[in-house]
Each structure stands twice: as C-alpha cells, then as structure tokens.
Amino acid sequence: MRKLSMRQAVNEALHIAFNSDENVLTIGEDIAVYGGQLRCSYDLLDNFGGERVRDTPISEIAIVGAGIGSAMIGRRPIVELSYMDFIGVCFDQILNQAAKMRYMYGGRVSIPLVIRTQCGAGLGNGAQHSQSLENILSHVPGIRVVMPSNAYDAKGLLLHAIRDNNPVVFVEHKALYKRKCEVPEEPYEVSYESEVKEAGEDITIISYSAMVDVSLKAAKKLKDEGISAEVIDIKSIEPLDMAPILKSVEKTGHAIVVHEAVKKSGFGGEIAAQIQEFAFDYLKKPVLRVTAPDVPVPFARNLEMAYVPDEEQVIEAVKKTLS
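Residues numbered from 1 in each chain as written. Predicted model: local features only at pLDDT ≥ 70, side-chain atom pairs only at ≥ 80, totals over all residues. Heavy atoms only, no water.

As recorded in an unreviewed UniProt entry, the protein goes by Transketolase-like pyrimidine-binding domain-containing protein and comes from Enterococcus pallens ATCC BAA-351.

Below, the structure is given as structure tokens:
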C-alpha cells in the first residue's frame with residue numbers, strides 16, 4: 001500500500017470532502033494562494049476556485065465567526081487557524097457561539113464547523129506558537145476536540161469531523177506533518193473511539209497525538225527488558241472513549257498517561273480521575289503522568305528538546321509504577 005505524510009493525507013481528505021459535498025468550503029489566512037501556513041491546502045484554489053477556497057484578513061475572530069455563520073445556513077465550513085495558540089483571540093466565538101448555538105436553539109440549528117489548527121513543540125517556533133491547549137477546549141461543553149497521531153487517522157478522522165453536525169476543533173501536531181504511513185486511496189472514516197495500538201499485559205500507557213509514537217517506542221524498549229506495555233491512542237479527547245482504557249487497566253492494574261501539554265490542569269488529570277473513579281478496585285498503584293514541565297515552551301533548541309517528553313521519561317515512569 002502507498003504511504004502518505006500527514007500533510008498529504010489531510011490534503012486528500014479535503015479533496016474528497018470538496019468533491020463529495022458542494023457545501024464544503026474553507027477559509028483562513030493565506031490558505032488559498034499560498035496554500036496555508038500548514039501547507040495542507042496547497043492546490044485547493046486551483047481545483048475548487050475562489051468561491052470555496054478563500055483567503056481572509058488576519059483576524060481569527062472574523063474567520064471563526066464567518067465559519068459559524070455559514071454553518072448556521074447549511075454550509076460545511078472548514079476554517080484554519082495557523083496556530084493553536086491563537087484560539088485566545090477567537091475564544092469568545094468558540095466558547096460562547098459555536099459551542100452553545102445548537103443547545104440554545106433547542107437543536108433546530110446545527111453547527112457543522114471544523115476548525116483546523118496545529119499544536120506542539122519541537123520545531124523552534126517559540127513560546128507563542130508551540131503550545132498544546134487542548135484541555136482548555138475540552139472543558140467547554142458543545143465542541144469536539146480531535147487529535148490524530150498518524151496520517152491514516154488524520155484522513156479518516158478529518159472526513160468524519162467534516163460530516164459531523166457539531167463543531168470540531170481538529171488539532172494536527174506540527175511534528176507529524178512529514179511522517180508517513182500506509183493510507184488507502186479510497187474514502188474512509190475513522191471514528192472517535194480509542195484504539196489499542198500495542199497489546200500488553202503489565203501496564204497501560206494512554207496517549208494521543210505525537211506522544212503516541214513516543215509511547216510506542218518506549219513500549220518496544222520495555223519489551224526488550226521483559227515488560228509488556230499496552231499502548232492506547234485516544235484520538236479524540238472530546239468525546240472521550242474510556243471503554244478500552246478501563247478494560248486495559250482492569251487487565252494490567254497499572255497505568256500512566258503521556259501528553260505533551262503541561263501537567264497542571266492537563267488532560268492527563270481527567271483520564272487519571274476517570275480511571276480512579278471507574279477502575280479503582282483494579283489499580284495496584286496510582287496513575288502517573290508524563291508531561292511537559294509547567295513552563296512556557298523554550299525557543300533555545302537544547303531547552304526545547306528537554307521540554308518535550310521522550311521515551312526515556314515514559315520508561316522511567318513505567319518502571320516507577322511497576323516497582
């Protein structure tokens with residue numbers, strides 16, 4: 001089977017969506033002529049024209065607001081925010097408009113809006129362009145937050161999100177754009193359900209986005225030392241599918257959560273809390289978290305590399321839990 005990068009997979013999903021539904025459109029800063037900061041829409045203007053692929057002013061509140069309005073009248077907009085860090089500029093539109101409209105109108109209005117953006121450190125983008133802010137979004141009822149870990153899931157999850165009648169914030173980790181895996185050419189959808197990526201017996205490692213690959217590398221090294229780790233990719237932090245996680249913890253009795261966001265109020269705390277609430281009788285040790293430190297993302301290369309969690313930290317946490 002052919003291999004695509006995540007950038008190519010996202011672009012292919014956009015082509016499929018545009019060709020299958022004339023109500024699909026996309027707007028954002030420099031996404032038309034330039035092809036987007038993320039370079040995922042590099043050929044959409046040539047294929048679908050300026051009515052459906054539009055550059056916007058540098059105004060995130062206007063971009064998301066226009067997306068909400070077009071969704072309310074039956075279109076399926078995909079808006080692009082160059083960096084996840086910029087959600088603060090348009091948080092009122094996300095928090096008080098997109099997330100609330102369907103509820104406040106008693107279900108008579110749907111908001112089939114996808115907000116594509118990128119997160120994550122490791123590429124020298126500095127403290128204001130490298131954050132992982134997913135937990136802020138997951139706290140708001142009414143929006144979905146999806147974070148693929150590979151190109152296959154990125155294509156299927158994006159198509160699933162575009163056809164969802166709820167607003168979805170689709171977060172792509174910038175370090176994954178060039179990573180390739182097998183991706184079918186035909187259209188397909190991936191559900192928001194969590195997935196066991198590696199089966200194991202001794203401990204459960206729960207992760208998402210770029211940290212799934214880190215967790216899998218750690219599991220491989222642990223296997224060489226006789227430790228069998230089960231790795232679960234949750235894919236969507238809202239809605240959160242806990243069933244495979246709880247089933248795994250019932251089997252292993254141990255769990256750690258790995259994410260790139262800072263530890264304090266990070267999403268790992270929610271996962272740990274639900275494990276404690278629903279699988280406490282099976283736990284042999286407390287749930288540990290492997291995260292970034294509670295500091296802004298450094299720009300200096302050596303400090304940024306120390307900031308991002310790696311497999312050695314995961315291995316250390318596993319051994320501490322099993323000791």
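The rest of the description comes next.
K.L.:
Go over empty space enclosed by the protein with me, naming the residues and quoting the values.
P.N.:
According to the stated counting rule, one finds one cavity of 30 Å³ or more in the structure shown. Approximately 40 Å³ is the volume found for the largest cavity. Of the residues contributing to the lining of the largest cavity, the split by class is five nonpolar, four polar and two charged. Residues from two domains meet in the lining of the largest cavity; each of domain 1 (2-183) and domain 2 (195-322) gives at least three. (1 Å grid on protein atoms, 1.4 Å probe; cavity = no way out; pocket = protein on both sides within 12 Å on 5 of 7 lines; lining within 4 Å. Points joined across faces, edges and corners; volume = space filled by probe spheres on them. Nonpolar A, V, L, I, M, F, W, Y, C, P; charged D, E, K, R; others polar. Domains from an automatic or database assignment.)

K.L.:
Report on the domain arrangement of the protein, specifying residues and quantitative values.
P.N.:
When its domains are assigned, the protein resolves into domain 1 (2-183) and domain 2 (195-322). Taken over C-alpha atoms, the centre of domain 1 sits 26 Å from the centre of domain 2. Across the boundary between the two partners, domain 1 contributes 26 residues, which contact 26 residues of domain 2. Carbon and sulfur atoms make up 52% of the surface buried where domain 1 meets domain 2, a total of about 2,000 Å² over both sides. (Contact = heavy atoms within 4.5 Å. Buried area = accessible area lost by both parts, 1.4 Å probe.)

K.L.:
Run through the packing of helix H1 (residues 6-20) against helix H7 (residues 151-162), naming residues and quoting values.
P.N.:
Where H1 meets H7, the closest approach of the two axes is 8 Å, and the angle between their N-to-C directions is 30 degrees. With respect to H7, the axis of H1 lies roughly parallel. Crossing hand, H1 versus H7: right-handed. Residues Met6, Ala9, Val10, Glu12, Ala13, Leu14, Ile16 and Ala17 of H1 form the contact with H7, whose own contacting residues are Ala151, Ala154, Lys155, Leu158, Leu159 and Ile162. The class makeup of the residues in the contact of H1 with H7 is 12 nonpolar, no polar and two charged. (Axes fitted to C-alpha atoms, helices over the stretch in contact; angles between N-to-C directions. Helix = DSSP H or I, 4+ residues; strand = E, 2+ residues; numbered from the N terminus. Parallel < 35°, antiparallel > 145°, perpendicular 65-115°, else oblique. Left-handed = near helix turned anticlockwise from the far one by under 90°.)

K.L.:
I'd love a proper account of the pairing of strand S5 (residues 114-119), names of residues and values included.
P.N.:
Among the six residues of S5, six are classified as buried, and the element is accordingly described as predominantly covered. The side-chain alternation of S5 yields two buried faces, one formed by Val114, Arg116 and Gln118 and the other by Ile115, Thr117 and Cys119. In this structure, strand S4 (residues 76-81) lies alongside S5, joined through four bridges in parallel fashion. Each residue of the ladder has a partner; that of leucine 81, found in S5, is threonine 117. The pairing of S5 with strand S7 (residues 168-173) spans six bridges and is parallel. The partner of isoleucine 115 across the bridge, within S7, is valine 169. (Buried < 20%, exposed > 50% of the residue type's maximum accessible area, 1.4 Å probe, protein only. Pairing = 2+ DSSP bridges.)

K.L.:
Requested: an account of the pattern of salt bridges, with residues and values cited.
P.N.:
Considering all chains together, one arrives at 17 salt bridges under this definition. Across the pair arginine 116 and glutamate 80 runs a salt bridge, and its minimum N-O distance is 2.9 Å. Taken together, the residues arginine 116 in strand S5 and glutamate 80 in strand S4 connect sequence positions 36 residues apart. There is no split in this pair, since arginine 116 and glutamate 80 are both buried. The shortest N-O distance in the salt bridge between glutamate 195 and lysine 197 comes to 3.8 Å. (Salt bridge = Lys/Arg side-chain N within 4 Å of Asp/Glu carboxyl O.)

K.L.:
Can you tell me about the layout of surface pockets, naming the residues and giving the values?
P.N.:
Estimates place the volume of the largest pocket at around 270 Å³. Lining the largest pocket we find 18 residues, and of these Ala175, Arg179, Met211, Val214 and Val308 sit closest to its centre. Put simply, the parts of the chain that give the lining of the largest pocket at least two residues each are helix H8 (211-224) and helix H11 (301-307). Considering only residue class, the lining of the largest pocket consists of nine nonpolar, two polar and seven charged. When residues of the lining of the largest pocket are assigned to domains, at least three fall in each of domain 1 (2-183) and domain 2 (195-322).

K.L.:
How would you sum up the sheet that holds strand S9 (residues 195-198)? Please name residues and give values.
P.N.:
The strand order across the open sheet built from five strands is S9-S11-S10-S13-S14, with neighbouring strands paired in mixed fashion. Both edges of this open sheet fall to S9 and strand S14 (288-292), since each of them pairs with a single strand only. Sheet twist, expressed as the mean angle between neighbouring strand axes with direction ignored, is 25 degrees. Relative to strand S11 (residues 229-233), strand S10 (residues 203-207) runs parallel, the two being bridged by five bridges.

K.L.:
Describe a nonpolar patch on the surface, naming the residues involved and giving the relevant values.
P.N.:
On the surface, Met72, Ile73, Tyr103, Met104 and Tyr105 cluster together into a nonpolar patch covering about 640 Å² of accessible area. Overall, methionine 72 belongs to the partly exposed group, its relative accessible area being 32%. (Patch = residues over 30% accessible without salt bridge, like charges linked within 9 Å, V, L, I, M, F, W, Y side chains within 5 Å. Areas by Shrake-Rupley, 256 points an atom, 1.4 Å probe, with all protein chains shown as cover.)

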